[in-house]
Amino acid sequence: MDLSNVTFNSNHKLEAAAKDALLGLRLLVLAFLTSIATVGLAIMAATMELPGPWGLVATLLTVVAFVAGAYGSYLAASALDWSGFITGVIVLSTIVPYLRLICIVVLLFFSASLIRKAGYRIALFGPLRKRAAV
């Protein structure tokens, strides 16, 4: 068996980080949209005399936004190779709703940059695909 033509991927670490960053990016987009919907539902529930189930739905969406934001932030910050302290601060910042939005936007830009650097196209749905060579 001749193995002289076998080559190894020299960008393995960068590509693995891009895959983690993409998963984190998808979760961050989910958390961002859920946070926006939560704020809208909370305002609507506060203006109603009998908020009924809208307050409960807003609370559940807050929990979903926190979980998706925390895990997505962890994945994105780890993929970006940020220190454990910074990663912990960002994950803990997902507790505060408005601070969560700011951290999500920052991580979105950095994650998108990493994914492009690895040579992939950013797609929120479907598999990760390489960009066409120019």
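For the structure, see preceding data.
Note that the structure is a prediction, hence the values are computed from the model and not measured. (Residues numbered from 1 in each chain as written. Predicted model: local features only at pLDDT ≥ 70, side-chain atom pairs only at ≥ 80, totals over all residues. Heavy atoms only, no water.)

Draft legend 1. Examining the overall build of the protein more closely. The secondary structure content of the protein amounts to four helices and zero strands. Starting at the N terminus and walking to the C terminus, you meet the elements of the protein as α-α-α-α. Over its C-alpha atoms the protein spans a radius of gyration of 19 Å, topping by over 25% the 14 Å that the globule rule assigns to 134 residues. Dimensions of the protein along its principal axes, counting C-alpha atoms only, are 75 × 30 × 30 Å. Taking all 134 residues of the protein together, 32% fall into the buried category. Contacts spanning at least 24 positions in sequence make up 66% of the contacts within the protein whose residues lie at least 6 apart. Carbon together with sulfur atoms contributes 71% to the accessible area of the protein, which is approximately 8,700 Å² in total. (Helix = DSSP H or I, 4+ residues; strand = E, 2+ residues; numbered from the N terminus. Rg over C-alpha atoms; globule rule 2.2 N^0.38 Å. Buried < 20%, exposed > 50% of the residue type's maximum accessible area, 1.4 Å probe, protein only. Contact = heavy atoms within 4.5 Å. Areas by Shrake-Rupley, 256 points an atom, 1.4 Å probe, with all protein chains shown as cover.)

Draft legend 2. Inspection of the nonpolar core at higher detail. With 18 residues, the main nonpolar core has A21, L28, A79, L107, L114, I115 and Y120 as its most contacted residues. The set of elements that each furnish at least two residues to this core consists of α1 (12–47), α2 (53–79) and α4 (97–117). A per-element tally of this core places α1 first, with seven residues. Those residues in contact with A79, other than ones at most four positions away along the chain, are A17, D20, A21 and L114. (Core = buried A, V, L, I, M, F, W, Y, C linked by side-chain atoms within 4.5 Å.)

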